[in-house]
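# Geometric and topological summary
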Amino acid sequence: MKKKFLVLTMAAMLALSTAACGNKKEEKKSEETVTTSSVTEASETEASTSAPTVVKDASETDAKNAEIDKLFSEEPKITLSDKTAKDGFANTVEAKYENLTFQVPDYFKYSEEISSDPNYYYYAEQSEDTVVDLTVTIQNGTGVTKEVAQAAKDEFISSLEATGEIKVTSAFETEIAGYYTLGADVEYNMSDLTGTGRLYFIFDTDAAKIVGIGLVQTSKAQYDYTSDFEKIIATIKVAQ
């Protein structure tokens, strides 16, 4: 079950890149349509006397998008927890992925056993029913611009919730290391494991990659690691 929890984590981490890249393809298709429209304009005019064009009712889509828009806030929301906040940021080690570096508390242990390009894992607590996992994932060659990423926000939320076991409780736009970033707070609800997570997707336009950084923690974790995770995020910078 713990393995399934990690699989769901990675599914969430990959959802944005899928949505954003799909949106990029639609943008390209739209550009091609504009380019060829002058060639087909005459034939379309001639065909205008045929069956009338059916306009699809977009009310359902609009309602869903309006519902998703309500999830977005200007910045990450403060999470309230009855657990003691983990405060172990005194001793850190530097991590570097692509052209970004950040500091990770040394109580997070890197897992060489399951980490492999493009997914990297760190653990703080680990047992049969407890997972505290810091995940980094890299999506190569996306070439997704800030504008495309912004346009894919609704698809981003829909993709995260597509498994039926992940619920987005809030979402936000921010900037990390000078790059446009989309984020989300999520809840996991599985038969044997429940938990929460915070996911950041950094659109590194210099390296043409999306760098995803996420923290997930099951409800049986001893501490709340959100505060230390935000400290990790605050240290992210472009490597010199």
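Note that the structure is a prediction, hence the values are computed from the model and not measured. (Residues numbered from 1 in each chain as written. Predicted model: local features only at pLDDT ≥ 70, side-chain atom pairs only at ≥ 80, totals over all residues. Heavy atoms only, no water.)

Do not read the fine detail of predicted coordinates wherever pLDDT is low. Predicted confidence across the protein gives a mean pLDDT of 75, with 65% of residues reaching 70 or more. Contacts of residues 25-56 to residues separated by more than four positions or lying in other chains number one contact, the stretch itself having pLDDT below 50. (pLDDT = per-residue confidence, 0-100. Contact = heavy atoms within 4.5 Å.)

Put simply, Asp117 and Pro118 share a cis peptide bond, and its omega is 15°. Along the chain, the position of Pro118 falls in the loop between β4 (109-110) and β5 (119-126). Unusually for a residue other than glycine, Ala177 sits at a positive phi of about 55°. Residue placement: Ala177 occurs in the loop between β7 (166-176) and β8 (179-189). Judged by relative accessible area, which is 29%, Ala177 ranks as partly exposed. Positioned with a positive phi, Ala208 is a non-glycine residue whose angle comes to about 55°. (Helix = DSSP H or I, 4+ residues; strand = E, 2+ residues; numbered from the N terminus. Buried < 20%, exposed > 50% of the residue type's maximum accessible area, 1.4 Å probe, protein only.)

With respect to the helices and strands, Asp228 occurs in helix α5 (residues 226-234). One polar contact links the side chain of Asp228 to the main-chain amide nitrogen of Gly88, over a distance of 2.9 Å. Within the structure, the side chain of Asp228 is placed 2.7 Å from the side chain of Tyr107, a separation counted as a polar contact. Setting aside residues up to four positions removed in sequence, Asp228 forms contacts with Lys86, Asp87, Gly88, Phe89, Pro105 and Tyr107. (Polar contact = N/O pair within 3.5 Å; in protein donor to acceptor, adjacent residues only side chain to side chain.)

Here the focus is the nonpolar core. Formed by 27 residues in total, the largest nonpolar core has its most connected members in Phe102, Phe108 and Ile213. Put simply, the parts of the chain that give this core at least two residues each are β2 (92-97), β3 (100-105), β5, β6 (131-139), β7, β9 (194-204), β10 (209-218) and α5. By size, the runner-up hydrophobic cluster in this structure holds 19 residues, among which are Ile166, Val168, Tyr188 and Leu199. (Core = buried A, V, L, I, M, F, W, Y, C linked by side-chain atoms within 4.5 Å.)

As a further point, take the side chain of Arg198. Looking at where Arg198 falls in the secondary structure, it is placed in strand β9. Overall, the relative accessible area of 5% leaves Arg198 in the buried class. Engagement of the side chain of Arg198 in a polar contact is seen with the side chain of Glu230, the distance being 2.9 Å.

Right, let's talk about α5 for a bit. The set of residues buried in α5 consists of Thr226, Asp228, Phe229, Ile232 and Ile233. Looking straight down α5, one finds that the buried residues subtend no more than 160° of arc, so they occupy a single side. For α5, the elements touching its buried residues are β3, β6, β7, β9 and β10. (Arc of directions from axis to C-beta.)

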